[in-house]
Amino acid sequence: MTMNNREYTNRTYRQHLRQERWCTFTIVHKETDLWIGIDKASYREEIRAYALSRVIRLRQEMDTYLNQDPEYRKALIPYTPRTEAPAIIRKMAEVSDVSGIGPMSAVAGAVAGQIAAELKTAFPIREIIIENGGDIYADIHEDIDIAVFAGSSPLSEKVGFTIRADRSPLGICTSSGTVGPSLSFGQADAVMIVCQDCALADTYATAFANQIQTTADIEPCIEKIGDIPKILAAICIKDTQIGISGKFDFKIWK
């Protein structure tokens, strides 16, 4: 979980989803900080304790492996894990082979997707959203609007997509070169990527955020994104400029 020293900024979109639709809670363990929304008809109090137990177990598995294979954590290009690696470590390596960067680029999306899968297996949940450091897993039956957090850009939380329920479950992941603790080699204020695989969306978001240094880089980046069938939608933001690609309706907030 490579870090740099940029100040982390809380994302206020945790407060934007319709409260009458969701029961929401947070799970915090070590550096992991999940915001979880369950539709009110499906919510049961025991889901909270179960989610915490699953996060603790998952972090133990990952931390144990990463301590044994420190090169995995540091890799900036695709890396093959050891045969005894847990499933989530193998998953991160698999999607990073596609994006062409290091496997830790997929960690937040992979954790969100894994915890969602375990909760859906254990409980009869109709709708679930898990947000992990700006990366979102969504399994929904009604459309939702998701705004892009883009730090100091005037477009931050002013633009986004209407995420269609008929395409879920989905990963909606955002990477930035100017906001947050995660390593980035670019200067994008935000790159949001939507894929059906949350870990894949996460690693692609990082990969394309790495490619944006100035506003001139947005157009070629969007052209590359448009050629990738597994990317369903994307938004790239640098300063006051924006590039858009994909299958979802673009939305503007005043």
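Along each chain, residue indices are assigned from 1 in the same order as the chain's sequence is written. At least 70 in pLDDT is required for a residue's local features to be given in this predicted model, at least 80 for side-chain atom pairs to be given and counted, and no such filter applies to totals for whole chains, interfaces and linings, which use all residues. Hydrogens and water are ignored here; the side-chain numbers use all heavy atoms of the structure.

Draft legend 1. Here's a closer look at the pattern of salt bridges. Salt bridge, as used here: a side-chain nitrogen of Lys or Arg that lies within 4 Å of a carboxyl oxygen of Asp or Glu. In this structure the tally under the stated criterion is 16 salt bridges. Put simply, Glu127 and Arg126 hold a salt bridge, and the shortest N to O gap is 3.8 Å. Burial here depends on accessible area, computed with a 1.4 Å probe over protein chains only, as a share of the maximum for the residue type. Under 20% is buried, over 50% is exposed, and the range in between is partly exposed. The class of Glu127 is buried, set by a relative accessible area of 1%. As a salt-bridge pair, Lys251 and Asp145 come within 3.7 Å of each other at their nearest N and O atoms.

Draft legend 2. Examining the side chain of Lys238 more closely. We count a stretch as a helix when DSSP gives it H or I for four or more residues in a row; a strand needs E for two or more, and each element gets its number in order from the N terminus. Position of Lys238 among the secondary structure elements: in strand E9 (residues 233-238). We classify Lys238 as buried; its relative accessible area is 11%. In the analysis that follows, any N or O atom pair within 3.5 Å is treated as a polar contact, provided that within protein one partner can donate a hydrogen and the other can accept it, and provided that, for residues neighboring in sequence, both atoms belong to side chains. At 3.0 Å, the side chain of Lys238 forms a polar contact with the backbone oxygen of Gln187. A contact between two residues is defined here by any heavy atoms of the two lying within 4.5 Å. Residues in contact with Lys238, not counting those within four places in the same chain, are Gln187, Ala188, Asp189, Ile212, Gln213, Thr214, Thr215 and Ile218.

Draft legend 3. Structural detail: the packing of helix H1 (residues 46-68) against helix H4 (residues 107-122). What counts as an axis is a line fitted to C-alpha atoms, over the stretch in contact for a helix, and the angles between N-to-C directions run from 0 to 180 degrees. At a minimum axis separation of 10 Å, H1 and H4 run at an interaxial angle of 135°. The angle between H1 and H4 falls in the class oblique. Between H1 and H4 lies a crossing whose hand is right-handed. On the side of H1, the interface is formed by Ile47, Tyr50, Ala51, Arg54, Val55, Arg57, Leu58 and Met62, while H4 contributes Val107, Val111, Gln114, Ile115, Glu118, Leu119 and Ala122. Within the contact of H1 with H4, the residues separate by chemical class into 11 nonpolar, one polar and three charged. Note on terminology: angles under 35 degrees are roughly parallel, angles over 145 are roughly antiparallel, angles of 65 to 115 are roughly perpendicular, and the others are oblique. Here is the rule for handedness: rotate from the far helix to the near one, and if that takes an anticlockwise turn smaller than a right angle the crossing is left-handed, while a clockwise turn gives right-handed. Under this grouping Gly is polar, as are all residues other than the nonpolar Ala, Val, Leu, Ile, Met, Phe, Trp, Tyr, Cys and Pro and the charged Asp, Glu, Lys and Arg.

Draft legend 4. Region of the structure containing the sheet that holds strand E6 (residues 159-163). Any two strands are treated as partners once DSSP identifies two or more bridges connecting them. Pairing in this open sheet of three strands is antiparallel, and the strands run E5-E6-E11 from one edge to the other. With one partner strand each, in any of the chains shown, strand E5 (144-147) and strand E11 (249-252) form the two edges of the open sheet. Each neighbouring strand pair of the sheet contributes to a mean axis angle of 35°, computed without reference to strand direction. Examined bridge by bridge, E5 and E6 share four bridges and lie antiparallel to one another. Looking at E6, one finds that Asp145 is bridged to Thr162.

Draft legend 5. Up close: the nonpolar core. Counting residues in each nonpolar core, the largest one holds 56 residues, and the members touching the most others are Ile36, Leu119 and Ile193. In terms of residues, this core owes the most to one element, helix H5 (residues 198-209), which gives eight residues. In contact with Ile36, other than residues within four places in its own chain, are Cys23, Thr24, Phe25, Ile27, Ala51, Leu119, Ile128, Ile129 and Ile130. Buried Ala, Val, Leu, Ile, Met, Phe, Trp, Tyr and Cys residues that are joined via side-chain atoms within 4.5 Å together make up what is termed a nonpolar core.

Draft legend 6. Examining the side chain of Asp39 more closely. By the secondary structure assignment, Asp39 is in strand E2 (residues 32-39). One buried charge, Asp39, has no salt-bridge partner; the nearest side chain with opposite charge is Arg126, at 5.3 Å. Looking at Asp39, its side chain comes within polar contact range of the main-chain nitrogen of Arg126, at 3.4 Å. Asp39 has contacts with Arg21, Trp22, Ile125, Arg126 and Glu127, leaving out every residue within four places of it along the chain. Counted as positive: Lys and Arg. Counted as negative: Asp and Glu, with His and the chain ends omitted from the count.

Draft legend 7. Representation of H4 within the structure. By definition here, a helix of n residues has an expected span of 1.5 Å times n minus one. The end-to-end C-alpha distance of H4 is 23 Å, a good match for the 22 Å that 16 residues give at a rise of 1.5 Å each. Contact partners of the buried residues in H4: E2, H1, helix H3 (87-99), strand E3 (128-132), strand E4 (135-139) and H5.

Draft legend 8. Summary view of the environment of Ala209. Among the structural elements, Ala209 can be located in helix H5. The exposure class of Ala209 is buried, given its relative accessible area of 0%.

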